[in-house]
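For reference, the chains in residue letters:
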Amino acid sequence: MKRINPLIAVALASATLSLSAVTTQEIQQSIRAIKSVGPEGKGNARASKAWQKLSQADDNALIPLFNAMNDATPLAANWLRGAIHAIADRGIQSGHGLPNAAIERWLRDTSNNPRARRLAYDLIKRVDSKKADFLIRKFKNDPSVELRRDAVQLVLNDAAASKQNGNNSNAKKLYSDAFQNARDVKQIQAAVSALRGYGQTVDVPKQFGFLMSWQIIGPFDNSEREGFAKVYPPENKIDLSATYQGKEAKVKWQPFVSEDEYGKIDMNLPYGMIKEVVSYAYTEYDATESRKAELRLGGKNAWKIWVNGKFIFGRDEYHRGKRIDQYSLPIDLKKGTNTILVKVCQNEQEQSWTKDWDFQVRISDATGAAILAKNRKPTPKAALSPAKKK
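Right, let's walk through the structure included here. (Residues numbered from 1 in each chain as written. Predicted model: local features only at pLDDT ≥ 70, side-chain atom pairs only at ≥ 80, totals over all residues. Heavy atoms only, no water.)

The next subject is the overall build of the protein. Counting its regular elements, the protein contains 13 helices and 12 strands. Dimensions of the protein along its principal axes, counting C-alpha atoms only, are 75 × 60 × 45 Å. Across the protein, the fraction of contacts at a sequence separation of at least 24, relative to all contacts at a separation of at least 6, is 73%. On the protein, roughly 19300 Å² of surface is accessible, and the fraction owed to carbon and sulfur atoms is 49%. One finds the centroid of the 61 positive side-chain charges in the protein at a distance of 3 Å from the centroid of its 42 negative side-chain charges. (Helix = DSSP H or I, 4+ residues; strand = E, 2+ residues; numbered from the N terminus. Contact = heavy atoms within 4.5 Å. Areas by Shrake-Rupley, 256 points an atom, 1.4 Å probe, with all protein chains shown as cover. Lys, Arg positive; Asp, Glu negative; His and termini not counted. Charge placed at Lys NZ, Arg CZ, Asp CG, Glu CD.)

In this structure the tally under the stated criterion is 12 aromatic pairs. By way of ring pairs, the aromatic residues Phe 179, Phe 208, Phe 210 and Tyr 262 are connected into one cluster. In this structure, Arg 117 is placed above the aromatic ring of Phe 139, and the distance from its NZ or CZ to the ring centre is 5.7 Å. The ring of Phe 228 carries the charged tip of Lys 304 above its face, separated from the ring centre by 4.5 Å. (Phe/Tyr/Trp six-rings, centres within 6.5 Å; stacked < 30°, edge-to-face > 60°. Lys NZ or Arg CZ within 6 Å of the ring centre and 35° of its normal.)

With that out of the way, let us pick up the sheet that holds strand S5 (residues 265-266). Across the sheet, which stays open at both edges, the 4 strands sit in the order S5-S12-S7-S10 with antiparallel pairing between neighbours. The open sheet has two edge strands, S5 and strand S10 (327-333), and neither has a second partner. Relative to S10, strand S7 (residues 291-298) runs antiparallel, the two being bridged by 7 bridges. Bridging across to S10, Lys 292 finds its partner in Asp 332. (Pairing = 2+ DSSP bridges.)

This part takes up the packing of helix H7 (residues 114-127) against helix H8 (residues 129-136). Axis separation between H7 and H8 bottoms out at 6 Å; the angle between their running directions is 140°. It follows from the interaxial angle that H7 and H8 lie oblique. On H8, the residues touching Tyr 121, Ile 124, Lys 125 and Val 127 of H7 are Ser 129, Lys 131, Ala 132, Asp 133, Leu 135 and Ile 136. Looking at the contact of H7 with H8 residue by residue, the class counts come to 6 nonpolar, 1 polar and 3 charged. (Axes fitted to C-alpha atoms, helices over the stretch in contact; angles between N-to-C directions. Parallel < 35°, antiparallel > 145°, perpendicular 65-115°, else oblique. Nonpolar A, V, L, I, M, F, W, Y, C, P; charged D, E, K, R; others polar.)

Now for the packing of helix H3 (residues 44-55) against helix H5 (residues 74-94). At a minimum axis separation of 9 Å, H3 and H5 run at an interaxial angle of 20°. With respect to each other, H3 and H5 are oriented roughly parallel. With respect to the hand of their crossing, H3 and H5 are arranged in right-handed fashion. Residues Asn 44, Ala 47, Ser 48, Trp 51, Leu 54 and Ser 55 of H3 form the contact with H5, whose own contacting residues are Trp 79, Gly 82, Ala 83, Ala 86, Ile 87 and Arg 90. The class makeup of the residues in the contact of H3 with H5 is 7 nonpolar, 4 polar and 1 charged. (Left-handed = near helix turned anticlockwise from the far one by under 90°.)

Residue position: Asn 268 is located in helix H13 (residues 268-271). For Asn 268, a relative accessible area of 10% translates into the label buried. When residues no more than four places from it in sequence are discounted, the contact partners of Asn 268 are Met 273, Ile 274, Lys 355, Asp 356 and Trp 357. (Buried < 20%, exposed > 50% of the residue type's maximum accessible area, 1.4 Å probe, protein only.)

Attention now goes to the side chain of Gln 56. Its location among the elements puts Gln 56 in the loop between H3 and helix H4 (62-68). Relative accessible area serves as the criterion here: at 12%, Gln 56 is assigned to the buried category.

Structure (structure tokens):
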């Protein structure tokens with residue numbers, strides 16, 4: 001389990017060894033001091049004193065500290081996490097233990113901060129491993145990625161054990177369960193591989209709701225990486241019959257259907273391995289109802305995205321890695337047609353690891369379960385092939 005970082009460790013070493021009572025008011029004042037810490041050392045001295053005060057509190061401070069992590073900045077969360085560790089370490093080492101029932105109630109509330117919930121689970125595991133093993137199995141569809149990953153891994157382990165014991169019926173059931181709930185790519189691939197080994201057809205794109213059918217246009221110019229900020233015609237108006245001046249020639253919209261089982265929209269396929277370019281992808285998503293949702297995107301290139309003509313978010317950086325659900329963006333779906341426009345840029349780098357020019361998008365609820373469009377087309381047969389790899 002992750003321990004206190006070096007900065008907090010220094011503070012712990014300098015804290016007084018004789019513990020004094022810390023009142024509820026002092027706890028809240030100290031939490032406010034820590035949550036006000038800012039970048040470049042702003043408020044660090046005050047936060048250090050507040051942390052030392054909190055580190056002397058009894059375990060009644062744990063739940064207020066967990067609550068404080070719900071809306072804390074990453075820097076403040078680091079201080080709060082250290083205070084939780086200091087109190088927990090002292091309680092465990094003294095034999096007093098921890099208020100497991102209160103921590104468990106906080107852990108079960110899925111509206112709490114996912115990383116803080118993982119910390120709560122780890123504390124329970126330190127004190128009562130059997131209880132932790134019982135709890136983790138309930139988190140296989142949890143919004144916390146880390147809790148879900150551990151829970152799904154237990155399902156995969158059980159499936160492998162059933163397979164080894166010759167209980168293939170139960171193994172297939174468990175592998176299917178893991179596939180339905182996994183979000184980690186390696187776990188997905190393990191479940192898919194096992195199910196295909198039993199001769200089952202597995203529709204990965206449909207299960208995760210990857211958007212496979214698009215209209216694309218490009219390439220436009222991205223010399224000196226200026227294309228990210230430059231406004232090209234598709235950002236002003238979507239006219240699928242229009243022709244525009246591209247980087248070197250006239251360009252027009254063309255259909256693109258992904259055959260990748262993880263929904264990769266690979267711009268290198270229609271345009272070739274080119275550099276310093278921008279392309280757009282557009283699709284229409286027919287929602288069955290108006291609702292809150294998440295647009296989840298993965299990509300290692302600079303990108304921007306618009307939903308129903310509204311700019312949602314963008315990242316002007318290149319080749320920093322890619323994974324499923326790399327970015328989770330809250331959106332409001334309206335009943336009926338919703339438009340999605342993605343701008344994806346490629347830079348000038350020539351190293352082999354910079355050749356990728358692609359993205360993947362899916363629509364889900366807060367737990368990562370796919371929300372399928374009414375107008376979703378059948379998954380291309382090529383994307384169902386076990387030969388396809390991410």
